[in-house]
Amino acid sequence: MRIQGGIDRPAPAPAARGLHVECAALTDAGRVRTNNEDSLAWDTDAGLFLVADGMGGCNAGEVASRLAVRMVLAEFRQLPLSLPAQEGCSVVLSPPAMRLCTAILKANRAVFEASLQQPEHAGMGTTLVAVLFHGQRAIIASIGDSRVYRFRAGQLEQLTVDHTVLQEQIEFGLITPEQARLMGGRGLITRALGVEPGLEVDVQEQALQPGDVFLLCTDGLFDMIADEEIAAILAASQGNVEVAARSLVGAANAAGGYDNVSVIAVRID
Ligand code: CA
C-alpha cells in the first residue's frame, strides 16, 4: 500500500457505486527528514482513500499512521452497511458516513491499544483524512491537520478544518490564515487519532460534479506551498492526476521539503 518515491496509480474504481474515478497517490520523505511518517491507503472497490501523518518518537509516528490506515480499511470492509449511532460521530450521518466514522473509531481504539503495548510507542498518534465516494457524493472525514481540498471549475476550496491551535487562533481573529501558514509547525494539533480511547470525528458530505478533483494531503504540502500555488498546479495539470501528484510533491520539495509530503489526487469523471 505504501509508495516511497514512486507514483502509484490505483486501478480506476468502477465499483465506487457506479462512479468512474481516476486517482494517483504519491508520498515522499522530503529533503530534510530521513524517515517518512506519512501513510497512504485506498480501496478502489469501496471508493475509499486515506492519508495519515503520524507522530511519536523513534518510529512510533510511522507505526501509528500505518496501523491507522490499515485498520480503517479492514474495519470498513467488514462493518455492516447500516450501523447505530456511535459516540464520536454525529447522529445525523447517512449510513455510509456512519460506517466510515465507525471504522475510524475502531482504528482509533486499535492505535490507542497498540500504544499501550510497547513503551517506545507510548503516546503515538496520527492525523487522518478519509474520502469515501458513494453514489453522487463524497463523504469526508478528518482528524488533525491533514487536509482535503476540492478543485472545481478552476477554484480550490479547503473542505476540512484543521484541528490545530493555529486554526483556533484564526477563528478567534488573532491571526490570518496566511500568517498561520508561515508560522507552520507541528506539535500544535488539538485532535489526533490513537492518543485517547475516544475520538470525535468531523464528517461531512459533498455532492459530486464531473471534473471535480479531490486532493488529500499532509501538512508537508500546504506548509511548503500556498493554496494559490496548489490551485495553479491543479489547473496546469488539466485533470491529469498523475501529473498533479508529481507536480505538487515536486513543488513542496523545491520549496525546501522540510517535512514528509503526501498526496492523493482523485478526479471524478
Ligand atoms: Ca507532516
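Structure: see above.
Residues numbered from 1 in each chain as written. Predicted model: local features only at pLDDT ≥ 70, side-chain atom pairs only at ≥ 80, totals over all residues. Heavy atoms only, no water.

Novice: I would appreciate a short explanation of the state of the cysteines in the present structure.
Specialist: A disulfide bridge is the covalent bond that connects two cysteines by way of their sulfur atoms. Counting across every chain of the model gives 1 disulfide. Its sulfur unpaired, Cys23 is 16 Å from the next cysteine sulfur, which belongs to Cys217. Judged by relative accessible area, Cys23 falls into the buried class, the value being 0%. (Disulfide = S-S within 2.5 Å. Buried < 20%, exposed > 50% of the residue type's maximum accessible area, 1.4 Å probe, protein only.)

Novice: Is there a simple way to think about the side chain of Asp28 in this case?
Specialist: For Asp28, the position within the fold is in strand E1 (residues 21-28). A polar contact of 3.2 Å, which involves the side chain of Asp28, links it to the side chain of Asn253. (Helix = DSSP H or I, 4+ residues; strand = E, 2+ residues; numbered from the N terminus. Polar contact = N/O pair within 3.5 Å; in protein donor to acceptor, adjacent residues only side chain to side chain.)

Novice: Quick question: what am I supposed to make of the nonpolar core here?
Specialist: In summary, soluble globular proteins display a tendency toward joint burial of nonpolar side chains. With 36 residues, the main nonpolar core has Leu48, Leu50, Val72, Leu100, Ile104 and Leu128 as its most contacted residues. Listing elements by their share of this core, those giving two or more residues are strand E3 (48-55), helix H1 (60-78), helix H2 (95-117), strand E5 (128-134) and strand E6 (137-143). Element by element, the count of residues in this core is highest for H2, at 9 residues. Ignoring any residue separated from it by four or fewer positions in sequence, one finds Leu48 in contact with Ala41, Trp42, Asp43, Val72, Leu73, Phe76, Leu100, Ala130, Val131 and Leu132. In terms of nonpolar packing, the next biggest core, distinct from the first, is built from 26 residues, Ala24, Leu221, Met224 and Val241 among them. (Core = buried A, V, L, I, M, F, W, Y, C linked by side-chain atoms within 4.5 Å. Contact = heavy atoms within 4.5 Å.)

Novice: Quick question: what am I supposed to make of the pattern of salt bridges here?
Specialist: If charged atoms from side chains of opposite charge come close, those side chains can pair. Counting across every chain of the model gives 11 salt bridges. For Asp43, the salt bridge is made with Arg77, and the minimal N-O distance between the two is 2.9 Å. With a gap of 34 residues between them, Asp43 in strand E2 (residues 38-43) and Arg77 in helix H1 connect regions that are remote in the sequence. With a relative accessible area of 11%, Asp43 lands in the buried category. Note that Arg246 is salt-bridged to Glu242, the shortest N-O span being 3.4 Å. (Salt bridge = Lys/Arg side-chain N within 4 Å of Asp/Glu carboxyl O.)

Novice: How should the environment of Leu50 be read in this particular structure?
Specialist: Looking at the secondary structure, you find Leu50 in strand E3. Judged by relative accessible area, Leu50 falls into the buried class, the value being 0%. Put simply, Leu50 and Arg150 are 100 residues apart on the chain and 15 Å apart in space, counted from C-alpha to C-alpha. Other than its neighbours up to four places away in sequence, Leu50 contacts Ser39, Leu40, Ala41, Val69, Val72, Leu73, Leu128, Val129, Ala130, Leu216 and Ile264.

Novice: Is there a simple way to explain the side chain of Asn36 in this structure?
Specialist: With respect to the helices and strands, Asn36 occurs in the loop between E1 and E2. Exposure remark for Asn36: the relative accessible area of 3% places this residue in the buried category. At a separation of 2.9 Å, a polar atom in the side chain of Asn36 contacts the side chain of Thr27. Of the polar contacts made by the side chain of Asn36, one reaches the backbone nitrogen of Asp38; its length is 2.9 Å.

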